[in-house]
Amino acid sequence: MSDSLHEPWLRGIAFNPAAPSDVLIRLVDSAAGRAGLLMCAGRDLPGAVIDAALNHPDRVIRRALARNRHIGPERLTPLATDPSGIVRGWLAGGAPAHLRPRWVRPLPEEILVTLLTARDGGEDGTLTANEIVDGLISSQQIPLSFHRSMAGHEHPRLRERATREWQSLTAAQRKALLDDPDPAVRKAAQERSWVLDPERVEAKLPSYGSRGKPFVLGRCALSPALVEQCFAEGTVRPLTRNPHTPADAVARLARHPEAEIRELVAARPDLGPDLVAELGEDPDEDVRMRARLHPFPRTWAEYWAIDRVIGHGPDCTCPITEPTGEPSPDWFAACATSEKPVLRRVAACFPGLPAELAATLAQDEEVRILLACHHPLAPPHLLLDVFVTRPAHRPHLLTLPAFHGTGRAHLISHPDADVRALAAADPTLPEPPVEDPDESVRRAAAANPSLTPEALEALLPDSRTAEGAAANPSLPVPRMHALLDRCLNGAATSPSGGH
C-alpha cells in the first residue's frame with residue numbers, strides 16, 4: 001500500500017469524533033506532522049490530550065494548541081506563562097485574521113492579567129511583552145467587562161493600562177486614577193488626560209500626522225480654534241461622530257452643504273428639537289431617514305448600535321463581540337417590533353432577544369440573515385436556508401451548535417458542492433455519495449456514521465475517500481490504532497481487513 005495514504009489517514013483520525021484519548025495522544029507527536037498540528041488547533045480535545053499538548057517539549061505543538069477555539073479557554077491558562085514568546089503571542093493574538101471566527105471569544109481574567117502584566121515575552125526572546133499585548137488588543141479577546149474593571153484593579157499595571165481608555169472612564173474613575181497611590185499610575189493618568197482637555201488636544205494634534213488626525217478629531221475634546229480649522233480645511237467628517245463636538249458646531253454640521261455630513265449628524269443624540277425637525281424634512285432621502293429613524297430621547301449607546309448595521313449588506317461578515325450591556329434589553333425588544341427594517345435589523349443582532357421575538361424575526365425577510373448569524377435561538381431551518389442561499393456566511397454557520405443535525409438529505413443533488421457536502425454528512429442519508437465528483441462531498445460521505453465498519457474497509461485504501469473513512473466515528477478503535485501503527489511506526493500492518 002502506498003505511503004501516500006498516510007497523510008489522509010492521519011488527518012482523518014485526528015478529526016474522528018469517536019477517537020479516544022489514547023488514539024489522539026499518539027498524534028501529539030512530531031511524527032504525525034501537519035495532522036497533529038491541525039488537531040491541536042482545530043477540534044475539541046479530551047483532557048488527557050490537552051495535558052499532553054500543554055506539556056509537549058516542542059513549542060510548535062503548544063503553539064498550535066494556543067489557537068484552539070474549541071476547548072474551554074481556561075484550559076489554556078498555562079500557555080500565558082509558556083517559556084516561548086511565540087506560544088504566548090499565538091494565545092494573545094487568537095486565530096489569524098483570515099481564519100478568525102466571527103464570534104470573538106473572550107479570554108478568562110487569569111490569562112488577561114498574566115499577559116497584560118508580564119515583564120518579559122518569554123525565555124526565548126522571540127517577542128517582547130509589548131508585542132504580545134499589542135496582539136492581544138487587536139484580537140478583541142479582552143471583554144468590555146474586563147476593560148471596565150481595570151481602573152479599579154488591585155494590580156497597578158492594570159490601572160495604568162486603564163488610563164489608555166480615558167474617554168470611556170467615568171468621572172469618578174478618572175479622578176481616582178489621577179489620585180492613585182502608585183506614582184506610575186498617577187503619571188499615566190496625567191499624560192492620558194489630555195484627550196479631554198481642548199487646549200492640550202489642539203497642541204498635540206500636529207504630532208499625530210495625517211493618519212492619526214481622524215482619531216483625534218473623532219474622539220477628543222476640541223477647542224473652538226480647532227473646530228474652525230476643520231471647517232476651513234473641509235475635514236469635518238470626524239466631528240459628526242465625536243460626542244465632544246460643541247453644540248454650535250453640531251448645528252453648523254446639520255446645515256452642511258454635503259448631504260452625507262447632514263445624514264451622519266441627523267442621528268446624534270444631542271441634537272436640539274429644532275434641528276431634528278429641520279433634518280426630518282431635509283431634501284435628501286437618506287438624511288430624512290436617519291433623522292426620523294431613531295425617536296428621542298436617544299443615547300450614544302443606541303446611536304452606536306444602529307450605526308453598526310447601517311450600510312452593512314446581507315453578506316457582512318464583521319466580527320461579532322459580546323453584548324456591552326447597553327443599550328438595554330427593553331430597547332432592543334422595542335426595536336424588534338418596530339415598523340422600520342433598520343431597527344429590526346438592530347434587534348436581530350442582539351443575542352439576548354427573547355425567544356418569542358427571535359421566532360417572529362425568523363420570518364422577517366429583512367432581518368432573518370442577521371438573526372441566523374447572531375442569535376443562539378435561531379431555528380435550524382433558518383440556519384440551513386441561510387447556508388444554502390448565502391455562501392459568505394457558511395464558515396460561521398458551521399461553528400454554531402444549533403446548526404448540526406439531520407434533515408439535509410433533500411439537498412444531496414444540489415449543484416453547489418458545499419451544500420452537497422453538508423447533505424452527504426446527514427446520518428439519515430440511505431446511501432452516502434462516496435463517488436461524487438467533488439472531493440469535499442466524497443470526504444463528507446465517507447465520514448457519514450451510517451456507514452458500517454465493513455463498508456469503510458473498501459474506502460480506506462482509496463485515496464479519494466481515505467481521509468473521510470478514517471474520520472468516520474463507525475471506525476473501530478483497534479482499526480484506528482492499526483492505521484496509526486502503519487503511519488507512525490512503519491509496522492507491517494495490513495492496510496485492510498479486520499483488526
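Please refer to the structure placed before this passage.
Each residue is numbered by its place in its chain's sequence as written, counting from 1. Per-residue local features are limited, in this predicted model, to residues with pLDDT of at least 70; the limit for side-chain atom pairs, both in listing and counting, is 80 or more; totals at the level of whole chains, interfaces and linings are taken over all residues. The side-chain figures draw on all heavy atoms in the structure; neither hydrogens nor water molecules are used.

Caption draft 1: Seen up close, the side chain of Asn472. Along the chain, the position of Asn472 falls in the loop between helix 30 (466–470) and helix 31 (477–489). Any two residues whose heavy atoms approach within 4.5 Å are treated as being in contact. For Asn472, the contacting residues outside a window of four places in its chain are Asn16, Ala446, Ala447, Asn448, Pro449, Leu451 and Leu456. Working definition: helices are DSSP H or I runs of at least four residues, strands are E runs of at least two. Numbering for both runs from the N terminus.

Caption draft 2: The environment of Asp418, seen in detail. When you line up the elements, Asp418 lands in helix 27 (residues 417–424). Through-space distance from the C-alpha of Asp418 to that of Leu293 is 39 Å; in sequence the pair is 125 residues apart. When sequence neighbours within four positions are dropped, the list of residues in contact with Asp418 reads Phe387 and Arg394.

Caption draft 3: Up close: the pattern of salt bridges. By definition, a salt bridge exists where a carboxyl oxygen of Asp or Glu is found within 4 Å of a side-chain nitrogen of Lys or Arg. A full pass over the atoms with the stated rule returns 28 salt bridges. A salt bridge links Asp307 to Arg241, with the shortest nitrogen-to-oxygen separation between them at 2.9 Å. Of the two residues, Asp307 is situated in helix 20 (residues 300–307) and Arg241 in the loop between helix 15 (224–233) and helix 16 (247–254); the sequence distance between them amounts to 66 residues. With its nearest N and O atoms 3.2 Å apart, the salt bridge here joins Arg464 to Asp462. Only protein chains enter the calculation, and the probe is 1.4 Å; a residue is then buried if its accessible area is under 20% of its type maximum, exposed if over 50%, and partly exposed in between. Residue classification places Asp462 among the partly exposed residues on the basis of a relative accessible area of 23%. Sharing partners across several salt bridges, the network here consists of Glu7, Arg11 and Glu467.

Caption draft 4: Geometry of empty space enclosed by the protein. Every definition here rests on a 1 Å grid over the protein atoms only: cavities are sets of points where a 1.4 Å probe fits but cannot get out, pockets are open sets enclosed by protein on both sides within 12 Å along at least five of seven lines, and lining residues have some atom within 4 Å of a point. Grid points are joined across faces, edges and corners, and a volume is the space filled by probe spheres set on the points. In total, this model carries one cavity of 30 Å³ or more according to the counting rule given. When its volume is computed, the largest cavity comes out at roughly 40 Å³. Lining of the largest cavity is provided by Ala267, Arg290, Leu293, His294, Tyr303 and Ile306.

Caption draft 5: Seen up close, the environment of Pro351. Mapped onto the secondary structure, Pro351 falls in the loop between helix 22 (341–348) and helix 23 (355–361). Overall, the relative accessible area of 24% leaves Pro351 in the partly exposed class. When the C-alpha positions of Pro351 and Asp82 are compared, they lie 35 Å apart, and in sequence the two are 269 residues distant. Apart from the residues lying within four places of it in its own chain, the contact partners of Pro351 are Pro323, His374, His375 and Pro376.

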